[in-house]
Amino acid sequence: MEEHPGGDEVLLAVTGKDATSDFEDIGHSESAKEMMEKYHIGEIDASTIPAKRTFVPPQQAAQVQAKDNDLLIKILQFLVPILILGLAFGIRHYAKSM
Ligand code: HEM
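Figured I'd write up the structure that's included with this text. Per chain, residues are indexed from 1 in the order of the written sequence. At least 70 in pLDDT is required for a residue's local features to be given in this predicted model, at least 80 for side-chain atom pairs to be given and counted, and no such filter applies to totals for whole chains, interfaces and linings, which use all residues. As a rule here, side-chain values cover all heavy atoms of the structure and leave hydrogens and water aside.

**Observations concerning the overall build of the chain**
The line we're drawing: Helix and strand definitions here come from DSSP, where helices need a minimum of 4 consecutive H or I residues and strands a minimum of 2 consecutive E residues; each element is numbered from the N-terminal end. With C-alpha atoms as the basis for the radius of gyration, the globule rule is written as 2.2 Å multiplied by the number of residues raised to the power 0.38. Here, two residues are considered to be in contact whenever any of their heavy atoms come within 4.5 Å of each other. For every accessible area listed, the method is Shrake-Rupley and the probe measures 1.4 Å; residues are considered covered only by the protein chains on display. The positive count covers Lys and Arg only, the negative count covers Asp and Glu only, and His and the chain ends enter neither. Charge coordinates come from a single atom per side chain, which is NZ of Lys, CZ of Arg, CG of Asp or CD of Glu.
Looking only at helices and strands, one finds four helices and zero strands in the chain. Helices and strands in the chain line up, N terminus first, as α-α-α-α. Computed over its C-alpha atoms, the radius of gyration of the chain comes to 26 Å, more than 25% above the 13 Å expected for a compact globule of 98 residues. When the backbone C-alpha atoms are referred to their principal axes, the chain occupies close to 85 × 30 × 20 Å. Contacts spanning at least 24 positions in sequence make up 68% of the contacts within the chain whose residues lie at least 6 apart. Summed over its atoms, the accessible surface of the chain is roughly 8800 Å², and 64% of this surface lies on carbon and sulfur atoms. A gap of 20 Å separates the mean positions of the 9 positive and 15 negative side-chain charges of the chain.

**Things to note about the coordination of the iron atom of the ligand**
Convention followed: Listed donor atoms are N, O and S within 2.8 Å of the metal (Na, K and Ca: 3.2 Å). As water is not included, a site may look incomplete. Tetrahedral means four donors with every angle between 85 and 135 degrees, whereas square planar (four donors) and octahedral (six donors) require angles over 155 degrees between opposite donors and between 65 and 115 for all others; sites fitting neither are termed irregular. Using a 1.4 Å probe on the protein chains alone, a residue whose accessible area is under 20% of its type maximum counts as buried, one over 50% counts as exposed, and one in between counts as partly exposed.
Only His4 (NE2) and His28 (NE2) from the protein coordinate the iron atom of the ligand, and they sit 2.0 to 2.1 Å from it. Of note is the iron atom of the ligand, whose six donor atoms meet at the metal with angles of 85 to 179 degrees in an arrangement that counts as octahedral. With His4 in the segment before helix H1 (8-12) and His28 in the loop between helix H2 (20-25) and helix H3 (30-39), this residue pair connects regions lying 24 residues apart in the sequence. Of the residues examined, His4 reaches a relative accessible area of 24% and is grouped as partly exposed.

**Quick notes on the site of the ligand**
Going by this rule: Residues are labelled near a given molecule or strand when at least one of their non-hydrogen atoms is within 4 Å of it. We call two N or O atoms a polar contact when they sit within 3.5 Å, provided that within protein one can donate a hydrogen and the other can accept it, with sequence-adjacent residues counted only if both atoms are side-chain atoms. Only protein atoms enter the calculation, which uses a 1 Å grid: trapped sets of points that fit a 1.4 Å probe without letting it out are cavities, open sets showing protein on both sides within 12 Å along at least five of seven lines are pockets, and any residue with an atom within 4 Å of a point is a lining residue. More than half of a molecule's atoms lying within 2 Å of a cavity's or pocket's grid points is what places that molecule inside it. Here the term charged refers only to Asp, Glu, Lys and Arg, the term nonpolar to Ala, Val, Leu, Ile, Met, Phe, Trp, Tyr, Cys and Pro, and the term polar to all other amino acids, Gly among them.
As a matter of local geometry, the ligand sits amid 14 residues, with His4, Val10, Phe23, His28 and Ser29 nearest to it. Between Ser29 and the ligand, the recorded distance is 2.5 Å, taken from a side-chain N or O atom to an oxygen atom. Assessed atom by atom at 2 Å from the grid points, the ligand resides in the largest pocket. Counting only elements with at least two residues in the shell around the ligand, the list comes to H1, H2 and H3. Ranked by residue count, the leading element in the shell around the ligand is H3, at three residues. Partitioned by chemical class, the residues of the shell around the ligand number nine nonpolar, four polar and one charged.

**Brief notes about the pattern of salt bridges**
Under the convention used in this document: Salt bridge, as used here, is a side-chain nitrogen of Lys or Arg placed within 4 Å of a carboxyl oxygen of Asp or Glu.
By the definition in use, this model includes two salt bridges. Measuring nitrogen to oxygen at the nearest pair gives 2.8 Å for the salt bridge that ties Asp22 to Lys17. Here Glu30 and Lys33 are joined by a salt bridge, their closest N and O atoms 3.9 Å apart. Of this pair, Glu30 and Lys33 are both found in helix H3, three residues apart, which corresponds to roughly one turn of the helix. Classification of Glu30 by relative accessible area gives exposed; the value is 55%. The class of Lys33 is partly exposed, set by a relative accessible area of 35%.

In structure tokens, the structure reads:
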């Protein structure tokens, strides 16, 4: 995985499904195709391959979680100043009326 010139993320993105079209779409060189022989561990019964991806590696699940956290931080960065401003106006209004 670490040695793949295209990086490990692209490989993780196709785990749990048939990656033939993904491999071919990239236009891998002949030497890349020859290299596959080295990693060939056996034949798979095509009827057992899920049509859709069913497995998400934990590394990617963590990335999705990190993206969710980024969104939450952005929302908070927007909301917190507005809340502080609202609170300041509220206190000022309350102080004036006393
Ligand atoms: C055992 C399977 C694989 C082998 C041996 C392999 C090997 C290689 C090699 C040698 C390269 C360097 C460029 C070349 O010579 O073509 C490469 C690049 C790349 N591979 Fe793979 N690869 C495999 C599977 C995959 C799969 C399944 C994907 C996609 C999901 C993928 C995506 C890429 C990408 C995006 C690049 C970079 C292309 C570029 O920058 O031009 N590879 N791979």
